[in-house]
Amino acid sequence: MITTWKQRARRDGIVLKQFRLPMPAGDPARIVALFEQNITPRTKAILVSHVIFLTGQVMPVREIVALGRKRGIR
């Protein structure tokens, strides 16, 4: 999906914002806080994998989705 978003950035001028997660990302609240810190008023979508393939880390998807819904983000 990242390649697709990068293509949209080139074609359509959207802004793709990526950020690093701590590895290992042990505290789910810290992960959610990082997503929250990176949301701007212009954020339209959040893309997150349920499991990080390199480490097997399960992401707190339910909390991230709730965070996005609170702000009207898909």
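Our structure's up above, just so we're on the same page.
Residues numbered from 1 in each chain as written. Predicted model: local features only at pLDDT ≥ 70, side-chain atom pairs only at ≥ 80, totals over all residues. Heavy atoms only, no water.

Chemist: Even after reading the chapter, I still don't get a nonpolar patch on the surface, so can you show me in this structure?
Modeler: On the surface, Met1, Ile2 and Leu47 cluster together into a nonpolar patch covering about 290 Å² of accessible area. Here Ile2 shows up in helix α1 (residues 2–12). (Patch = residues over 30% accessible without salt bridge, like charges linked within 9 Å, V, L, I, M, F, W, Y side chains within 5 Å. Areas by Shrake-Rupley, 256 points an atom, 1.4 Å probe, with all protein chains shown as cover. Salt bridge = Lys/Arg side-chain N within 4 Å of Asp/Glu carboxyl O. Helix = DSSP H or I, 4+ residues; strand = E, 2+ residues; numbered from the N terminus.)

Chemist: Is there a simple way to think about the nonpolar core in this case?
Modeler: With ten residues, the main nonpolar core is built from Ala25, Ile31, Val32, Phe35, Ile39, Ile52, Met59, Ile64, Leu67 and Ile73. Looking at which element gives the most residues to this core, the answer is helix α2 (residues 28–37), with three residues. Non-local contacts of Ile31, meaning those with residues more than four positions away in its chain, are made with Leu21, Ala25, Gln57, Met59, Pro60 and Ile64. (Core = buried A, V, L, I, M, F, W, Y, C linked by side-chain atoms within 4.5 Å. Buried < 20%, exposed > 50% of the residue type's maximum accessible area, 1.4 Å probe, protein only. Contact = heavy atoms within 4.5 Å.)

Chemist: Explanation requested: the side chain of Asn38 in the structure shown.
Modeler: Here Asn38 lies in the loop between α2 and α3 (61–70). A polar side-chain atom of Asn38 sits 2.7 Å from the main-chain carbonyl oxygen of Leu34. Those residues in contact with Asn38, other than ones at most four positions away along the chain, are Lys17, Phe19 and Thr43. (Polar contact = N/O pair within 3.5 Å; in protein donor to acceptor, adjacent residues only side chain to side chain.)

Chemist: It is not clear to me how the pattern of salt bridges should be interpreted in this structure. Could you clarify?
Modeler: When their charged atoms lie close together, side chains carrying opposite charge are able to pair. Considering all chains together, one arrives at two salt bridges under this definition. With a closest N to O distance of 2.5 Å, Arg8 and Asp12 form a salt bridge. Residue Arg8 and its partner Asp12 are located together in helix α1, separated by four residues, close to a single helical turn. Classification of Arg8 by relative accessible area gives partly exposed; the value is 37%. Glu36 is the partner of Arg71 in a salt bridge, and the nearest nitrogen-oxygen pair spans 2.8 Å. Linking Arg71 in the segment after α3 with Glu36 in helix α2, this pair joins segments that are 35 residues apart in sequence.

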